[in-house]
Amino acid sequence: MAWFEKKEGVKIPPTKALWQVCPRCKTYISKDEWKANNSICPSCNYHGRLGARARIAQLADKDSFAEVFRAVSYSDHLSFHDASGAYKEKIDAVIAKSGEKESVVMGTASMGGIPVMLGVMDFSFMGGSLGTGTGERIARACEQAIAERRPLIICSASGGARMHEGILSLMQMAKTSAAVGRVKEAGLPYISVLTDPTTGGVSASFAMLGDINITEPKALIGFAGRRVIENTIHQKLPPDFQTAEYLLAHGFIDKIVERSELKAFIVKMLHYFGF
Amino acid sequence: MATKKISKNATGPAKKKQAAAKSAMDVVKLARDAKRPHIYDFIRLICSDFEELHGDRLVNDDKGLVCGFGTISAGSAKKQGDVKVLIIGHHKGATVEENVEANFGMAQPDGYRKAMRLAKLAEKFHIPIVTFVDTPGAYPGDTAEARGQAEAIAKSLEFFSLLKTPIVVVVTGEGGSGGALAIAVGDRILMMENAVYSVISPEGCAGILWRDGAQAPAAAEALKITAADLKRLGAVDVIVSEPAGGAQKDHAKAAAYVKKAVLDALNELADIPADDLVAARYAKFRAMGNFY
């Protein structure tokens with residue numbers, strides 16, 4: 001056994017407490033610097049994950065965000081249990097810790113003075129998974145956007161459908177896609193911001209359906225997981241596979257926008273559309 | 001109701017007993033049985049004529065998703081006469097060569113785009129659509145990602161929710177997640193007795209939540225993926241009975257039950273104005289998972 005071999009169970013807490021490792025370029029950045037730089041890697045410009053509240057604060061005009069549908073939460077209609085216990089207990093713990101009741105936060109807001117319907121997903125809430133509550137919030141938001149003639153802006157961050165809610169989580173893909181389709185049919189713009197990461201059932205539903213699809217540098221966006229694909233094709237995939245840059249090159253994204261420019265870009269698009 | 005009648009014909013008391021003892025994983029195995037009728041079997045046994053059409057007019061003709069116009073003759077049930085339809089269905093393949101060519105029914109984005117192209121044509125001539133769902137899932141490969149698998153599925157969901165012509169969906173085997181749903185947004189959702197329909201495969205779910213793919217039977221049970229479960233959850237409207245032992249035992253009989261159920265559904269939808277149809281379809285999916 002080599003002397004430098006890593007022993008199992010050895011933890012390095014002081015490093016973790018002080019340093020943030022960029023998930024893309026693996027550079028060590030002090031946590032203070034990471035935070036001060038808006039969770040963006042100063043070395044490779046990877047735009048790190050933001051919580052829903054932090055992103056709302058960056059996008060909505062000051063004090064303009066009014067949350068809606070907060071009573072809509074999850075449903076455990078399957079009484080789902082897996083090896084590590086009950087879904088209900090797991091998600092109740094997430095709710096207690098985060099103060100959020102679903103993986104998307106919805107509200108009315110103004111952006112650059114324009115009244116909009118704004119939804120932001122939070123990856124830290126059950127991997128941003130699309131549950132029945134998530135789908136219901138999005139469908140209601142679409143209907144309210146149509147009723148009040150508000151442009152719809154949704155920032156997604158999700159691993160996909162929430163399997164703990166079974167077939168009805170899959171059906172949220174159909175429900176949300178139909179709902180954003182109606183927003184677009186009603187002559188309103190839908191701007192989709194696909195943030196890191198947006199995959200599976202969310203990329204394969206409302207997130208890909210924007211009149212404008214935008215993303216941030218180095219975000220992971222795709223349908224199937226990298227390992228699943230490598231197992232299918234029996235080949236290693238290139239490092240840039242399923243990145244924002246890859247999607248832009250293949251024609252599925254209108255533009256990669258820096259976080260600092262995101263709000264201004266959305267407002268500019270809304271101006272083009274006559275808002 | 002017609003479906004009830006079919007069940008009566010199809011199930012004797014002995015079979016009912018057997019059905020009660022079946023685990024979810026037993027049903028998964030039946031749904032995946034290679035000898036189950038495939039899309040071309042259904043077409044041959046249900047349609048009096050069929051013309052397959054090819055290609056998405058962009059890059060490719062996906063063999064994993066079959067599309068074409070055909071005629072379903074109502075036969076002795078004279079009231080309806082012949083019905084012209086657009087058929088869309090996953091193709092798993094019956095031989096090894098076909099399996100490979102069709103990616104085992106895992107459609108490429110090109111397949112979904114072909115389906116949308118022809119569905120638009122069906123709408124133009126007020127031709128109803130019948131889809132046959134039988135796929136492990138959409139193809140998870142590098143070429144599929146490069147050509148936008150996520151976009152193709154998303155677009156299909158939006159597209160079919162707005163399409164102004166009747167759509168009848170039949171889940172005949174494996175309803176594998178987004179790749180199944182992409183051709184399963186319709187006005188009536190039919191499901192064969194031994195088919196399954198799930199957000200993720202039992203093996204995939206077990207791998208993630210049990211950290212052990214061998215726990216697939218437990219995952220299959222927990223996910224509630226059988227026809228009876230799905231009907232209870234409101235994701236499926238009609239369960240289509242199968243011959244004793246399963247559809248693989250008697251293709252002709254299985255197809256006859258499917259044909260009857262499809263004709264009944266088409267008959268129910270025939271006189272509904274297109275705008276009402278689209279509104280009702282939205283309401284149908286809108287109500288799924290609304291507990292609030």
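Computed from a prediction, not measured in an experiment: that's the story for all the values here. (Residues numbered from 1 in each chain as written. Chains lettered and ligands numbered in written order. Predicted model: local features only at pLDDT ≥ 70, side-chain atom pairs only at ≥ 80, totals over all residues.)

> An account of the environment of V116(A) is requested, with residue identities and associated values reported.
Residue and element names in this part refer to chain A. Locating V116 in the fold gives a position in strand β7 (residues 114–121). On the basis of neighbour counts, which here come to 28 C-beta atoms within 10 Å, the residue V116 falls in the buried class. Along the sequence, V116 and R150 sit 34 residues apart, while their C-alpha atoms lie 4.7 Å from each other. Every residue in contact with V116, bar those within four places of it in the chain, is listed here: A109, S110, M111, R150, P151 and I153. (Helix = DSSP H or I, 4+ residues; strand = E, 2+ residues; numbered from the N terminus. Buried ≥ 20, exposed ≤ 12 C-beta atoms within 10 Å, placed from the backbone. Contact = placed C-beta atoms within 7 Å.)

> Describe the sheet that holds strand β6 (residues 104–111) of chain A, and please don't skip the residues or the numbers.
Residue and element names in this part refer to chain A. Read from one edge of the open sheet, seven strands run β3-β6-β7-β8-β9-β10-β11, paired in mixed fashion. At either end of the open sheet lies a strand with only one pairing partner, and these are β3 (66–67) and β11 (255–256). With four bridges joining them, strand β9 (residues 190–198) and strand β10 (residues 212–215) adopt parallel strand pairing. Note on β10: the bridge partner recorded for L194 is T215. Contacting β6, β7, β8 (152–158), β9 and β10, helix α10 (residues 262–272) runs over the sheet at an angle of about 65° to β6. (Pairing = 2+ DSSP bridges. Axes fitted to C-alpha atoms, helices over the stretch in contact; angles between N-to-C directions.)

> Quick rundown of the interface of chain A and chain B? Include the residues and the values.
On the chain B side, the residues contacting the 46 residues of chain A number 44 residues. Those elements that provide at least two residues to the side of chain A that touches chain B are β4 (81–82), α5 (132–148), α6 (166–185), α7 (200–203) and α8 (226–233) of chain A. Here the element with the most residues in the side of chain A that touches chain B is α6(A); it accounts for 14 residues. Class assignment for the residues of the side of chain A that touches chain B results in 25 nonpolar, 17 polar and four charged. (Nonpolar A, V, L, I, M, F, W, Y, C, P; charged D, E, K, R; others polar.)

> Kindly report on helix α14 (residues 274–286) of chain B, identifying the contributing residues and their values.
Count 3.6 residues to each turn of an α-helix, and residues three or four apart come out pointing the same way. Here α14(B) is 13 residues long and its end C-alpha atoms lie 18 Å apart, about the 18 Å a rise of 1.5 Å per residue gives. The secondary structure elements touched by the buried residues of α14(B) are α5 and α6 of chain A together with α8 (149–162) of chain B. (Expected span 1.5 Å × (residues − 1).)

> Help me get a handle on the pairing of β7(A), residues and values and all.
Residues and elements named next belong to chain A. Most of β7 sits out of view: six of its eight residues are buried. In terms of strand pairing, β6 meets β7 through eight bridges, oriented antiparallel. Bridged to M111 within β7 is I114. Where β6 hands over to β7, the hairpin turn is made up of two residues, of which G112 adopts a positive phi near 60°. Pairing geometry for β7 and β8, over four bridges, is parallel. Each bridged residue has a counterpart across the sheet, and for L118 the counterpart in β8 is I153.

> Just give me the short version of the confidence of the model for chain B, but keep the residues and values in it.
All names here are of chain B. Confidence in the prediction for chain B averages 92 pLDDT; 91% of positions are at 70 or higher. Segment residues 1–15 is flagged for pLDDT under 50; beyond a separation of four residues in sequence, or across chains, it makes 18 contacts in the model. With pTM at 0.93, the complex prediction returns an ipTM value of 0.93. (pLDDT = per-residue confidence, 0-100.)

> Explain the pairing of strand β5 (residues 167–176) of chain B to me, using residue names and the numbers behind them.
All names here are of chain B. The buried count for β5 comes to 10 of 10 residues, which makes it a mostly enclosed element. Sheet analysis places strand β4 (residues 129–135) next to β5, joined by six bridges and oriented parallel. Residue pairing across strands places V130 opposite V168, the latter belonging to β5. Relative to strand β7 (residues 196–198), β5 runs parallel, the two sharing three bridges. Bridging across to β7, G175 finds its partner in Y197.

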